[in-house]
Protein chains: 2
Amino acid sequence: MHDSPITVLAGGVGGARFLQGVVEVVPAADVVVVGNVGDDVEPHGLHVSPDLDTVLYTLTGWIDEDKGWGVRGDSDRALEQARTLGADAWFWLGDLDIGLHLARTEALRRGEPLSAVTARLAQRLGLDLTLLPATDDRLRTIIGTAQGEIDFQTYYVRRGHADVVTSIRFDGAETARPAPGVTEALRDARAIVIAPSNPLISISPILAVPAIREQLAARTAICVAVSPIVAGRALRGPAAAMLESLGHEASPAGVAAIYQGLADVLVLDEQDAELAARVEQLGMRAVVVDTIMRDAAARERLARAALDAAGIAA
Amino acid sequence: MHDSPITVLAGGVGGARFLQGVVEVVPAADVVVVGNVGDDVEPHGLHVSPDLDTVLYTLTGWIDEDKGWGVRGDSDRALEQARTLGADAWFWLGDLDIGLHLARTEALRRGEPLSAVTARLAQRLGLDLTLLPATDDRLRTIIGTAQGEIDFQTYYVRRGHADVVTSIRFDGAETARPAPGVTEALRDARAIVIAPSNPLISISPILAVPAIREQLAARTAICVAVSPIVAGRALRGPAAAMLESLGHEASPAGVAAIYQGLADVLVLDEQDAELAARVEQLGMRAVVVDTIMRDAAARERLARAALDAAGIAA
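Residues numbered from 1 in each chain as written. Chains lettered and ligands numbered in written order. Predicted model: local features only at pLDDT ≥ 70, side-chain atom pairs only at ≥ 80, totals over all residues.

(A) Representation of the overall build of chain A. When its secondary structure is counted, chain A shows 13 helices and 12 strands. Radius of gyration (C-alpha) of chain A: 18 Å, near the 20 Å computed for a compact globule of 314 residues. With respect to the three principal axes, the spread of C-alpha positions in chain A is 60 × 45 × 40 Å. Burial status across chain A gives 56% buried among its 314 residues. Sequence separation of 24 or more characterises 67% of the internal contacts of chain A that already satisfy a separation of 6 or more. (Helix = DSSP H or I, 4+ residues; strand = E, 2+ residues; numbered from the N terminus. Rg over C-alpha atoms; globule rule 2.2 N^0.38 Å. Buried ≥ 20, exposed ≤ 12 C-beta atoms within 10 Å, placed from the backbone. Contact = placed C-beta atoms within 7 Å.)

The structure is reproduced here in structure tokens:
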């Protein structure tokens, strides 16, 4: 880990794609990612960390770009067999994917912390950046719906994020401690970037770890957040509807309000240029650029804009 | 389940091959198998029941005949990936195999007992016989070696059953209860057969459940055991060396001594014909036949001999 890293808070597909841009702009060895584990799930006894895996698979280039998760071209012999045998296998697992989960689950069952397993997986996959789970403790995102509370993957995958979200909480967060390296990565950072991930379900679970939130609030480095909301919509996933149903504004101004006191700059899309003044009223500098990550060049351009805003010359 | 079944105690490859013969001689629907679970193991968090699986795979015809376990022609993409990622994956798991373990593990984690999962797997695989684990409770075979105690699969697979066995015990057996149907299958049986499985590690874990042993000792049906030892050797696996290192005789007479009071007849191989008298001195009738299950016809012939000895006309 670089002793004065660029520290990126990330979760989900948007975060992983943004990181692809980041490592084109600065050396990957300078980058520390603090990843969301609120989505973690144990289908059939396997420990899956979807957001960490999406970072791993995206940065190795293995990712299925169309789906945004899983390994491109992966087979699903095991899952199909499980279904044939009557399993309620609603969480898709490719065969290669299962291999990674077997490796992780075995290590966790031996007592290895998630951060150590993740570091080994990243190293074996040839990643030069440092990928840290926010915490090694159990932290799970719980979604409130009209039918009651459900775990995150039941909401997201099983029910296709079709429910109106009435509440979100992070089970275990109160007592969760930052994983080894997370506090240092925030304390010693040259710059902190909040990736264009869903603020409520990708970034908030990270910030729900009390010591992480406190360290970010007490930061000495500049913190630049990138809005995942463009023209009232999320480019992927349920962020816009979720913001609205929970009383936030589905706009960069709504995102800025969530990050108030934690971010110094908000990068927002040209389509939302008229909201820049409202973002600045919240005490944040607004940087207006094209934020749509339509291809590799666009990912790099967005990362460069965010890092420029953080004063990182590249 | 047939209301007066032919109940077979079985474990491992020999037991599964013998059962192939049994279902050629009598209707599969008349057969209840009480299977060994002392070998069960949880590699990477997946619950594997090797002896039950070997029965399932053998009777579906999916078995890899050369290995005696696993699905013929199965791929191992997941396991190879796990190894690439640094997992200590010494327990071989094919992709289709993993599918079965995913289905089982998911059901067990939902709180379903092993017997219910096993019944569903057997039904989905189209088996007409009834396959019962000896117990739904946790029971594990622990092997004593010069280096201390190790779990069964560490002894058998990881260390290639190369250690001299100094003790065998069945962790959890004292408080284990027979799985639903096991007591009835023994109590109401037309005949009970102990398959040519290793008496110490395939059959003894079943008999280590106190209520099973008591029910077998109190049987009204005849019980016929088939010796897995021929001419001082086991046809597969470490039975002979294990019998000797634990002070038994590696012969049908040694097997008869282990089953004394529990079996009424011992089927032994022609090569051991001269031991018939010693078997009979132990209070068991000796039936001498060719017991080598070299092909399907031989399996059927052996099953027919055992069932004939039990008075089952077929």
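(B) Spatial organisation of the relation of the copies chain A and chain B. It takes a turn of 180° to lay chain A on chain B, together with a shift of 0.0 Å along the axis; the resulting RMSD is 0.0 Å. Such a combination of rotation and displacement between the chain copies is what one expects of a two-fold axis. Rotation axis and chain A: the residue whose C-alpha lies nearest the axis is A:Gly45, separated from it by 2.8 Å. Interface overlap between copies: 100% of the residues of chain A at the interface are likewise at the interface in chain B, consistent with a symmetric, same-surface contact. (Least-squares fit on C-alpha atoms with pLDDT ≥ 70 in both.)

(C) A look at the pairing of strand 11 (residues 265–269) of chain B. Residue and element names in this part refer to chain B. Of all five residues in strand 11, five are buried, a share of seventy percent or more. What you see with strand 11 is no split at all: Val265, Val267 and Asp269 on one side and Leu266 and Leu268 on the other are buried throughout. Across three bridges, strand 8 (residues 222–226) lies against strand 11 in parallel orientation. Bridge pairing in strand 11 links Ala225 to Leu266. Bridge analysis of strand 11 against strand 12 (residues 285–289) gives five bridges, and the strand direction is parallel. Within strand 12, the position partnered with Val265 by the bridge is Arg285. On the question of chirality, the crossover connecting strand 11 to the parallel strand 12 by way of helix 12 (residues 276–281) is right-handed. (Pairing = 2+ DSSP bridges. Right-handed = clockwise from strand over helix to strand, strands pointing away.)

(D) Up close: the packing of helix 4 (residues 95–109) of chain A against helix 5 (residues 114–124) of chain A. Residues and elements named next belong to chain A. Two numbers describe how helix 4 lies on helix 5: the axes approach to 9 Å, and their chain directions differ by 145°. Along this stretch, helix 4 crosses helix 5, giving a crossing that reads as right-handed. Contacts between helix 4 and helix 5 involve Leu100, Ala103, Arg104, Ala107 and Leu108 from the first element and Leu114, Val117 and Leu121 from the second. (Axes fitted to C-alpha atoms, helices over the stretch in contact; angles between N-to-C directions. Left-handed = near helix turned anticlockwise from the far one by under 90°.)

(E) Up close: the sheet that holds strand 4 (residues 140–145) of chain B. All names here are of chain B. With antiparallel pairing, three strands are arranged side by side in an open sheet as 5-4-6. The open sheet has two edge strands with one neighbour each: strand 5 (148–151) and strand 6 (167–171). Between one strand axis and the next, the sheet turns by 30° as a mean value, whatever way the strands run. By the bridge criterion, four bridges tie strand 4 to strand 5 in an arrangement that is antiparallel. Across the sheet, Ile143 pairs through a bridge with Ile150, a residue of strand 5.

(F) Molecular detail of helix 5 (residues 114–124) of chain B. Those residues of helix 5 of chain B that fall on the buried side of the exposure criterion are B:Leu114, B:Ser115, B:Val117, B:Thr118, B:Ala119, B:Leu121 and B:Ala122. Considering only its buried residues, helix 5 of chain B is in contact with helix 2 (50–60), helix 4 (95–109) and strand 3 (130–133) of chain B.

(G) View of unusual backbone geometry. Positive phi values are uncommon outside glycine, yet A:His161 reaches one of about 35°. Within the secondary structure, A:His161 is located in the loop between helix 6 (152–158) and strand 6 (167–171). Residue classification places A:His161 among the partly exposed residues on the basis of 17 C-beta atoms within 10 Å. For B:His44, which is not a glycine, the phi torsion comes out positive at approximately 55°. By the element assignment, B:His44 lies in the loop between strand 2 (31–35) and helix 2.

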